[in-house]
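One letter stands for each residue in the lines below.
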Protein chains: 2
Amino acid sequence: MTHPTLIEIQQAAERIKPYIHRTPVFTSSSLNHMVQADLFFKCENFQKVGAFKFRGACNAVFSLSESEARRGVATHSSGNHAAALALAAQRRGIPAFIVMPKTAPEVKKAAVAGYGGKIVFCEPTLAAREATLAKIVEETGATFIHPYNDPRVIAGQGTATLELLAEVPELDIIMTPVGGGGLLSGTAIVASELSPTTQVIGTEPEGADDAYRSLQEGRIVPSIQPHTIADGLLTSLGDLTFAILQKYVQKIVTVSEKAIITGMRHVWERMKIIIEPSAAVPVGALFERKIDFTGKRIGIILSGGNVDLDRLPWRS
Amino acid sequence: MTHPTLIEIQQAAERIKPYIHRTPVFTSSSLNHMVQADLFFKCENFQKVGAFKFRGACNAVFSLSESEARRGVATHSSGNHAAALALAAQRRGIPAFIVMPKTAPEVKKAAVAGYGGKIVFCEPTLAAREATLAKIVEETGATFIHPYNDPRVIAGQGTATLELLAEVPELDIIMTPVGGGGLLSGTAIVASELSPTTQVIGTEPEGADDAYRSLQEGRIVPSIQPHTIADGLLTSLGDLTFAILQKYVQKIVTVSEKAIITGMRHVWERMKIIIEPSAAVPVGALFERKIDFTGKRIGIILSGGNVDLDRLPWRS
């Protein structure tokens, strides 16, 4: 697989335009004051299904030929990618088969079902998940859409940064969270082409620092028993995203759980918007000041806003 | 006192423009689907100090003559008006004296102090509050800015509806919460002049239904021991707001606590924005369907977003 080019990302933007929200860029004078920088928040928490994942899923689904599309799409995920793929498939009028562990939270099952996804349950092991997915693909001819290690998905995720740079030029830094690396990959490709002086920084929870260690060691170091409140970032890099990050990303910084929660709460309180813990990781990096942000113009992709309001992290 | 005219409200809009946010209007296809109507949310939760109150406070402060302004402004409030007045005064570079009961929550004291307000504590009784305010005004020559029963404040609050109607014409209904009636008064004057076919509906908690009863009985019926989670709506109408509501408001509907909490949670979950309970009252009215909203184009002023995240209403 080769990585998507800027042109492919621009084509993705045209392709998905009728289906996605062009999300707003928010600023906050009080957060600027707190971190002594100029922050520009690309609000993908307002995206359809509440996360940037809809961009990549949409691009993948609408890239399929008619005959491919007819047989549907499939994935294994219980998170935002599952919901995003289900909605994208619904928009194209094709089936989406979502393999999920039986033990997935009811709220996630309901989200996928609500978008018309066909849920196929499996045992909660990696082996069962892969076997179940392979069987579905075999039986239905559906196209497997990987959550991040897929050039169409990466191209879709990159469209958020196309919009951000069109609205806010001359950023010194763009920061995103990194889980599997799809969002960071798309972001880095776009920034390197359109704004080469912008530094692209991935931010990762200390308890799930596989991307940080992979770039340090120059090989994919998988997450082993990752532990973080940022539950969208538990996955490890794929070979495609690893190669892109190696080439285009200047730095990965790790962020403590405490800073993630602090960052999340500050955004809720000051900006009056709901972001999920994964989206708070770059904000936490600002508050931890692992690098010097003073006076910089910083774009931050707020990746999503799907939170269980009954289980907030600052709840005692 | 006479009520502000449309022209005075338009002048207010020009006067406060350099200081306020022009807040966005949000839509939500999932909420539209749930209530079977087209909803347009004017997001005053994103306003400076997190509430529409900054509009009125700003208009009052910047309406003062130089010699009046020099002596400062004063009010009694522990809520959004206090913070709004403090910030407006700070912007003009004049003192704001805020009379607050000693027992006010620390977070509210901190907000006012953070905007440079000079807090004057009093005993937590109405008599002490009024006596303390009178003393401050006497000693300093500061101008008392009432939270709602003041034409300059009402004119400021009306500017939100100027913006809403400029962006979304041909609304069938505009709904706001009603506490003291400042927001509803400004809204109703603007709508009656600029969009006479738009019905203006006030929404009030069942446990603080003084506006409903006042309009029913044709006289001001004060709130006696109001009880509601919508803590911005505990106050009673003033003579000025009562007269405006009598003349311009078609209907007040009351909303149960349960519907307020449901509405608040739906907005948080579906729109990913934080609104305070008072702002959720019109949303609750939609879910309770006390009137037929089906197919209507409905503007809703989301009045504010100041919430104690440690004490959410759905917390068990």
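Just so you know, these numbers come straight off a predicted model, no measurement behind them.

Here we look at helix H9 (residues 182–194) of chain B
Residue and element names in this part refer to chain B. Here H9 contains 13 residues, and its C-alpha end-to-end distance of 18 Å stays within 8% of the 18 Å for a straight helix at 1.5 Å per residue. Counting buried positions over the 13 residues of H9 gives ten, a clear majority of the element. Among the residues of H9, Gly182, Leu183, Leu184, Ser185, Gly186, Thr187, Ala188, Ile189, Val190 and Ala191 are the ones counted as buried.

Regarding the pairing of strand E8 (residues 199–205) of chain B
All names here are of chain B. With respect to burial, E8 is a largely interior element, six of its seven residues being buried. Across five bridges, strand E7 (residues 173–177) lies against E8 in parallel orientation. Of the residues in E8, the one forming a bridge with threonine 176 is glycine 202. Between E7 and its parallel partner E8, the chain crosses via H9, and the hand of that crossover is right-handed.

Remarks on the sheet that holds strand E6 (residues 143–144) of chain B
Residue and element names in this part refer to chain B. Pairing is parallel in the open sheet, where four strands are placed in the order E5-E4-E3-E6. The sheet is open, and its two borders are formed by strand E5 (118–122) and E6, each paired with just one other strand. As paired strands, strand E4 (residues 96–101) and E5 are joined by five bridges and run parallel to one another. Bridge pairing links phenylalanine 97 to lysine 118 in E5.

A word on the sheet that holds strand E9 (residues 251–255) of chain A
Hydrogen bonds between backbone groups are what pair the strands of a sheet, and the pairing can be parallel or antiparallel. Residue and element names in this part refer to chain A. Judged by pairing direction, the sheet is mixed, and its six strands sit side by side in the order E1-E2-E10-E7-E8-E9 without closing on themselves. Looking along the sheet, the strands with just one partner apiece sit at the ends: strand E1 (25–26) and E9. Each of E1, strand E2 (38–43), strand E8 (199–205) and E9 touches helix H12 (residues 257–271); the most contacted strand, E9, lies at about 90 degrees to it.

Description of the relation of the copies chain A and chain B
It takes a turn of 180 degrees to lay chain A on chain B, together with a shift of 0.0 Å along the axis; the resulting RMSD is 0.0 Å. The transformation relating the two chain copies, once decomposed into turn and shift, fits a two-fold axis. Nearest to the rotation axis, the C-alpha of A:Ile273 is located 2.1 Å from it, this being the minimum over chain A. Most of the interface of chain A is mirrored in chain B: 100% of its interface residues are interface residues there too.

Section: the domain arrangement of chain A
All names here are of chain A. Here the domain parsing of chain A yields domain 1 (6–52 + 150–302) and domain 2 (54–144). Taken residue by residue, the interface counts 24 residues in domain 1 and 18 residues in domain 2. Note on domain 1 versus domain 2: buried area summed over both sides is about 1,700 Å², and carbon and sulfur give 57% of it. Considering only the side of domain 1, the residues that lose the most area to domain 2 are Tyr19, Val49 and Arg152, jointly responsible for 43% of the buried surface there. Between domain 1 and domain 2 we count three salt bridges in total. Across the salt bridge formed by lysine 108 and aspartate 231, the nearest N and O atoms sit 4.0 Å from each other. Counting across the interface, domain 1 meets domain 2 through eleven residue pairs in polar contact (both at pLDDT 80 or more). If you list the elements that add at least two residues to the side of domain 1 that touches domain 2, you get helix H1 (6–16) and helix H8 (151–167). With eight residues, H8 is the single largest residue contributor to the side of domain 1 that touches domain 2. Its residues assigned to classes, the side of domain 1 that touches domain 2 comprises ten nonpolar, six polar and eight charged.

Here's the deal with the nonpolar core
In this structure, A:Trp268, A:Ile273, B:Trp268 and B:Ile273 are the most contacted members of the largest nonpolar core, which totals 78 residues. With near-sequence residues (within four places) excluded, A:Ile273 lies in contact with A:Phe26, A:Cys43, A:Asn45, A:Phe46, A:Val267, A:Trp268, A:Leu302, B:Phe46, B:Lys272, B:Ile273 and B:Ile274.

Things to note about the packing of aromatic side chains
Applying the stated criterion to the full structure yields ten aromatic pairs over all chains. Ring geometry for A:Phe26 and B:Phe26: centres 6.5 Å apart, planes at 40 degrees, overall tilted. Of this pair, A:Phe26 sits in strand E1 while B:Phe26 sits in strand E1 (residues 25–26), which puts the two residues in different chains. For A:Phe26, a relative accessible area of 12% puts it in the buried group. Centroid distance A:Phe46 to B:Phe26: 5.0 Å. Interplanar angle 85 degrees. Geometry classified as edge-to-face. Residue A:Phe46 is found in the loop between E2 and helix H3 (53–63), and its partner B:Phe26 is found in strand E1; the two belong to separate chains. The class of A:Phe46 is buried, set by a relative accessible area of 12%. Here the aromatic cluster, defined as three or more aromatic residues joined through ring pairs, consists of A:Phe26, A:Phe46, B:Phe26 and B:Phe46. Positioned above the aromatic ring of A:Trp314, the side-chain terminus of A:Arg265 is 5.3 Å from the ring centre.

Each value, and the rule that gives it
- Residues numbered from 1 in each chain as written.
- Chains lettered and ligands numbered in written order.
- Predicted model: local features only at pLDDT ≥ 70, side-chain atom pairs only at ≥ 80, totals over all residues.
- Heavy atoms only, no water.
- Helix = DSSP H or I, 4+ residues; strand = E, 2+ residues; numbered from the N terminus.
- Expected span 1.5 Å × (residues − 1).
- Buried < 20%, exposed > 50% of the residue type's maximum accessible area, 1.4 Å probe, protein only.
- Pairing = 2+ DSSP bridges.
- Right-handed = clockwise from strand over helix to strand, strands pointing away.
- Contact = heavy atoms within 4.5 Å.
- Axes fitted to C-alpha atoms, helices over the stretch in contact; angles between N-to-C directions.
- Least-squares fit on C-alpha atoms with pLDDT ≥ 70 in both.
- Domains from an automatic or database assignment.
- Buried area = accessible area lost by both parts, 1.4 Å probe.
- Salt bridge = Lys/Arg side-chain N within 4 Å of Asp/Glu carboxyl O.
- Polar contact = N/O pair within 3.5 Å; in protein donor to acceptor, adjacent residues only side chain to side chain.
- Nonpolar A, V, L, I, M, F, W, Y, C, P; charged D, E, K, R; others polar.
- Core = buried A, V, L, I, M, F, W, Y, C linked by side-chain atoms within 4.5 Å.
- Phe/Tyr/Trp six-rings, centres within 6.5 Å; stacked < 30°, edge-to-face > 60°.
- Lys NZ or Arg CZ within 6 Å of the ring centre and 35° of its normal.

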